[in-house]
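Chain by chain, the residues:
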Amino acid sequence: MAWPPLMMYNGDSEGTCSFLKLPGSTVNQRGAHVAFAPPGRRFERPRFQPGYLKPYFVLSAASLVAACALALKPNETCLDLCSAPGGKAIALLQCTTPALLCCNEPSPLRNLRLRHTLESYVPQEVLQPMVHITAKDGCWFGKAQPETYDRVLADVPCSNDRSWLYNSETDKVRERIAWRSDLPSLQANLLHSALRTLRPGGTVLYVTCTLSLLENDGVVDAVSKESGNVEVEDPSDVLSAFPDMFREFGPGHEIARHGILLLPTEAYPWGPLYLSRLRRSH
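Residues numbered from 1 in each chain as written. Predicted model: local features only at pLDDT ≥ 70, side-chain atom pairs only at ≥ 80, totals over all residues. Heavy atoms only, no water.

A. Here's a closer look at the pairing of strand β12 (residues 260-263). Two strands pair when backbone bridges link them, and strand β11 (residues 252-255) and β12 are joined in this way by four bridges, in the antiparallel orientation. Looking at the pairing, E254 lines up with L261 of β12. Counted along the chain from β11 to the antiparallel partner β12, the turn is four residues long. (Pairing = 2+ DSSP bridges. Helix = DSSP H or I, 4+ residues; strand = E, 2+ residues; numbered from the N terminus.)

The following block contains the structure:
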């Protein structure tokens, strides 16, 4: 069965859709065909119909960046620690053939959305044997499944600076500011858990959508020092996972102390997105 293509909210300056082809896998030989919408335009989102694959999947280009940066290889095991709504999981499955992809989401409503997303875009012959959906607290995995996975995508809850663009209600602002002070502790616990689930030599990609130094480099710095068996990879190695994408469709970016911070521009309004890749040494 053919895979639906990935459709992005970015494009070229001439007003036509641009396409990017990512490497294929043994299941999906054609790779991920990605269409970037022209600036100022958006693809319409197809409706969910039980039992049918949607014709294409619409997601922010940031999801594809994270999937590429994880550098998941065929036949590896992978944990998507905070998986909903599922765009990054779909991008991973489009690009390679893992032995197992565990998609975890503890929130019941978000877990249901995750299931609908995967059922709408992933053929059943791939979904059934390869994808496992769970609803655990992310900290559970480090205790219950130590040294289980080759790769972990830890796209953790964060202060989500992008949301300020869409919601400036006073009550919501106060709520986000109050919650913000508790986030670094939660993020550090989730990153510790992710690292414990790794086999020696495995990698975690730590991801946020915030500009906060405390939630980005601050968390990575603290956790890497406390763990003792973790090496933070050179950010330029993370960039090399998707060179073609940056040459053709790249946003602005800065090299942070422990990772990369992608910044939205007028032409490419995706992000902010912080990426840091950590490797377990033993």
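B. Here's a closer look at helix α8 (residues 214-227). Among the residues of α8, those classed as buried are E215, N216, D217, V219, V220, D221, V223 and S224. After α8 finishes, the residue G228 shows a positive phi value of roughly 80 degrees. (Buried < 20%, exposed > 50% of the residue type's maximum accessible area, 1.4 Å probe, protein only.)

C. Seen up close, the nonpolar core. L118, V131, L205 and L275 are the most contacted members of the largest nonpolar core, which has 39 residues in total. Ignoring any residue separated from it by four or fewer positions in sequence, one finds L205 in contact with A66, A69, L70, V152, L153, A154, L275, S276 and R277. Counting 24 residues, the second-largest nonpolar core is a separate cluster that includes V152, L191, L198 and Y274. (Core = buried A, V, L, I, M, F, W, Y, C linked by side-chain atoms within 4.5 Å. Contact = heavy atoms within 4.5 Å.)

D. Broad picture of the pattern of salt bridges. By the definition in use, this model includes 11 salt bridges. When the shortest N-O distance is used, the salt bridge between K88 and D155 registers 2.7 Å. Note that K88 is positioned in helix α2 (residues 87-95) and D155 in strand β8 (residues 149-155), a separation of 67 residues in sequence. In this structure, K88 and D155 share a single accessibility class: buried. The closest approach of N and O atoms between R180 and E215, which form a salt bridge, is 3.8 Å. With a gap of 35 residues between them, R180 in helix α6 (residues 170-180) and E215 in helix α8 connect regions that are remote in the sequence. Shared partners join several salt bridges into a network, and the residues in it are D161, R180 and E215. (Salt bridge = Lys/Arg side-chain N within 4 Å of Asp/Glu carboxyl O.)

E. A look at the packing of helix α1 (residues 61-70) against α2. Running from N to C, α1 and α2 cross one another at 50 degrees; their axes reach a closest spacing of 8 Å. On the basis of their axis angle, the class for α1 and α2 is oblique. Crossing geometry of α1 relative to α2 is assigned as right-handed. Contacts from S63, L64, A66, A67 and L70 of α1 reach α2 at G87, K88, A91 and L92. Partitioning the contact of α1 with α2 into residue classes produces six nonpolar, two polar and one charged. (Axes fitted to C-alpha atoms, helices over the stretch in contact; angles between N-to-C directions. Parallel < 35°, antiparallel > 145°, perpendicular 65-115°, else oblique. Left-handed = near helix turned anticlockwise from the far one by under 90°. Nonpolar A, V, L, I, M, F, W, Y, C, P; charged D, E, K, R; others polar.)

F. Fine view of unusual backbone geometry. Along the chain, A84 connects to P85 via a cis peptide bond; the corresponding omega equals 5 degrees. We note that A71 has phi near 60 degrees; this positive angle belongs to a residue other than glycine. Mapped onto the elements of the fold, A71 is located in the loop between α1 and β5 (77-80). Looking at A71, the relative accessible area reads 26%, which means it is partly exposed. Unusually for a residue other than glycine, N160 sits at a positive phi of about 50 degrees.

G. Up close: the confidence of the model for the protein. Residue-level pLDDT values for the protein average 82, and 75% of them are 70 or greater. Confidence over residues 9-30 falls short of pLDDT 50; this stretch has 76 contacts with residues more than four positions distant or in other chains. (pLDDT = per-residue confidence, 0-100.)

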